[in-house]
Amino acid sequence: MRPRIAAIGTFDGVHRGHRSVLEVLGQYAREHDMEPVVITFSRHPLNVIDPAREPLQLTPLNKKKRLLKEAGVSPIILDFDEDLRNTSARQWMQRLHDEYDVRALVVGYDNTFGNDGVNLSLEEYRKLGEETGIRVLSAPEIKEVSSSAIRKAVLAGEMEKAREFLGRPYSITGRVEKGNGLGHNIGYPTANVDPPSGIAIPKPGVYAGIVKILGTGAKYPAMVNIGKRPTVMRGDYTVIEAHLFDWHGDLYDKEITIRFLKRLREEKKYESIASLKKQLENDKEEALAVFKTDGL
């Protein structure tokens, strides 16, 4: 078994800042014949430390693992519990060395670990590494890019900014559930998506996007509505519904991924179904224009 080089963190979003860490990780692993791994958690540390401050997720655990594997690293998933909460940075380093055969560690510019880590500098981490047999490397900073900045952009509906920071469009994967058929009745059938619990949902409104039907490889340009459908409201709850262009068939109980390209407008209430249909026609033209210039 090869010795390992590791990075530690939540890696929520696996965004461009994370990828800077992963590039250093991968290059060093290749040069020194080591196995690159990321040590992350089954739940956010704040779920244990201060649940009221636990952030909405950008990437559920299964998606995070897939993105890390695609980046060429093996994820090691730990349950962040009271034991880890009370582990010092030195204890972390010793455990990495003894239990996981870690011989090198990459940290980002604001990356800390250990219950005393917030007060430690990079040089202090390096000193701990020397004492425990781990070489500590640093990754370059990608300015302004962070999980919290991406989360803020998503919640504001700023999908172009979220895409810039992520390095890909923000997306949500969920199972299609039965709706009430209102979209079909007005000529715009939609797939109602049940998102994972705790995921960051873009600001209510109408979006241009791409829908991928999992297991088939098929993807379609789409317009997506997030909100309460005030013109045809059936209950005071928010729905995520996607109308796929050039799709004919039943998506019920299938898993789909919605990639958000651009927010087109606010959700609003129209005086009549005819007025709503006219607006949807305009939305379709705008969404197709976005897809033509910005589709993936």
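Procedures and definitions
- Residues numbered from 1 in each chain as written.
- Predicted model: local features only at pLDDT ≥ 70, side-chain atom pairs only at ≥ 80, totals over all residues.
- Heavy atoms only, no water.
- 1 Å grid on protein atoms, 1.4 Å probe; cavity = no way out; pocket = protein on both sides within 12 Å on 5 of 7 lines; lining within 4 Å.
- Points joined across faces, edges and corners; volume = space filled by probe spheres on them.
- Helix = DSSP H or I, 4+ residues; strand = E, 2+ residues; numbered from the N terminus.
- Expected span 1.5 Å × (residues − 1).
- Contact = heavy atoms within 4.5 Å.
- Pairing = 2+ DSSP bridges.
- Axes fitted to C-alpha atoms, helices over the stretch in contact; angles between N-to-C directions.
- Phe/Tyr/Trp six-rings, centres within 6.5 Å; stacked < 30°, edge-to-face > 60°.
- Buried < 20%, exposed > 50% of the residue type's maximum accessible area, 1.4 Å probe, protein only.
- Salt bridge = Lys/Arg side-chain N within 4 Å of Asp/Glu carboxyl O.
- Nonpolar A, V, L, I, M, F, W, Y, C, P; charged D, E, K, R; others polar.
- Arc of directions from axis to C-beta.

A.B. asks: I tried to follow empty space enclosed by the protein on my own but got confused; where do I start?
C.D. replies: Here the idea is plain: a probe the size of a water molecule rolls over the atoms and shows the empty space left. The final tally for this structure, using the stated rule, is four cavities of 30 Å³ or more. Size it by volume and the second largest cavity reaches roughly 130 Å³. What lines the second largest cavity is a set of 14 residues, and nearest its centre among them are Asp12, Arg43, His44, Gln57 and Lys64.

A.B. asks: Can you walk me through helix α10 (residues 273-294) in this structure?
C.D. replies: Because the α-helix completes a turn every 3.6 residues, residues three or four places apart line up on one side. Over its 22 residues, α10 extends 30 Å from the first C-alpha to the last, a length consistent with the 32 Å expected when each residue adds 1.5 Å. In this fold, the buried residues of α10 make contact with β8 (205-213), β9 (219-227) and β11 (255-265).

A.B. asks: Whenever I open this one, the sheet that holds strand β1 (residues 4-8) confuses me. Can you help?
C.D. replies: Strand pairing in a sheet is mediated by backbone hydrogen bonds. Such pairs are either parallel or antiparallel. What the five strands build is an open sheet, ordered β3-β2-β1-β4-β5; its pairing is parallel. Of all the strands in the sheet, just β3 (74-78) and β5 (135-138) have a single pairing partner and so form its edges. Within this sheet the neighbouring strands show an average axis-to-axis angle of 30°, counted without direction. Sheet analysis places β1 next to strand β2 (residues 35-41), joined by five bridges and oriented parallel. Across the sheet, Ile8 pairs through a bridge with Ile39, a residue of β2. Helix α1 (residues 16-32) contacts β1, β2, β4 (102-107) and β5 of the sheet and is inclined by roughly 170° relative to β1.

A.B. asks: Any chance you could explain the packing of aromatic side chains here in plain terms?
C.D. replies: Describing an aromatic ring pair means giving the distance of the ring centres and the angle of the ring planes. Per the stated rule, a full pass over the model turns up six aromatic pairs. Ring plane angle 75° and centroid distance 6.2 Å describe the contact between Trp92 and Phe113, whose orientation is recorded as edge-to-face. Pair noted here: Trp92 is in helix α5 (residues 89-100) and Phe113 is in the loop between β4 and α6 (122-132), with a separation of 21 residues, a long-range link. The class for Trp92 is buried, based on a relative accessible area of 4%. Judged by relative accessible area, Phe113 falls into the buried class, the value being 6%. With a centroid separation of 5.6 Å and an interplanar angle of 70°, the aromatic rings of Tyr220 and Trp247 are classed as edge-to-face. Remark: Trp247 occurs in the loop between β10 (239-244) and β11 and Tyr220 occurs in strand β9; sequence separation between them is 27 residues. With a relative accessible area of 25%, Trp247 lands in the partly exposed category. Among the aromatic residues, those joined into a cluster by ring pairs are Phe41, Phe80, Trp92, Phe113 and Tyr125.

A.B. asks: Looking at this structure, how should I read the pairing of β10?
C.D. replies: Across a regular strand the side chains alternate sides, sitting on one face of the sheet and then on the other. β10 sits mainly inside the fold: six of its six residues count as buried. Both faces of β10 are covered, namely the face carrying Val239, Glu241 and His243 and the face carrying Ile240, Ala242 and Leu244. Of the strand pairs in this sheet, strand β7 (residues 191-194) and β10 are connected by two bridges, and their pairing is antiparallel. Across the sheet, residue Ala191 finds its bridge partner in β10, namely Ala242.

A.B. asks: Explain the pattern of salt bridges to me, please; I cannot follow it from the model alone.
C.D. replies: Side-chain pairs of opposite charge can arise where the charged atoms are in close proximity. In this structure the tally under the stated criterion is 17 salt bridges. For the salt bridge of Asp12 with Arg151, the shortest nitrogen-to-oxygen distance reads 3.0 Å. Of this pair, Asp12 sits in the loop between β1 and α1 while Arg151 sits in helix α7 (residues 147-155); the two residues are 139 residues apart in sequence, bridging distant segments of the chain. For the pair Asp12 and Arg151, one class covers both residues: buried. Each of Arg90, Lys127 and Glu131 takes part in a single network of salt bridges with overlapping partners.

A.B. asks: Is there a simple way to think about the environment of Phe291 in this case?
C.D. replies: As for its placement among the helices and strands, Phe291 is situated in helix α10. The exposure class of Phe291 is partly exposed, given its relative accessible area of 27%.

A.B. asks: Looking at this structure, how should I read the layout of surface pockets?
C.D. replies: The volume enclosed by the largest pocket comes to roughly 1,100 Å³. Looking at the largest pocket, it is lined by 43 residues, and the ones nearest its centre are Gly9, Thr10, Asp110, Asn111 and Thr112. For the lining of the largest pocket, the secondary structure elements donating two or more residues are β1, α1, α2 (46-49), α4 (82-85), β4 and α7. Considering each element in turn, the lining of the largest pocket owes the most residues, four residues, to α1. Within the lining of the largest pocket, the residues separate by chemical class into 20 nonpolar, 17 polar and six charged.

A.B. asks: In this structure, what is going on with the side chain of His18? I would like to understand it.
C.D. replies: Checked against the element boundaries, His18 lands in helix α1. In this structure, His18 is in contact with Phe11, Asp12, Gly13 and Ser147, ignoring residues within four places of it in sequence.

A.B. asks: Where do I start with helix α3 (residues 61-70) in this structure?
C.D. replies: Among the residues making up α3, those that are buried are Lys63, Lys64, Leu67 and Leu68. Angularly, the buried residues of α3 cover 135° about the axis, an arc narrow enough to put them on a single face. Exposed positions of α3 whose direction lies more than 90 degrees from the buried face are Asn62, Lys69 and Glu70. Where the residues of α3 are buried, they touch α1, β2, β3 and β6 (170-177). Looking at the residues trailing α3, positive phi occurs at Gly72, about 90°.

By themselves, these observations are geometric and do not establish any function.
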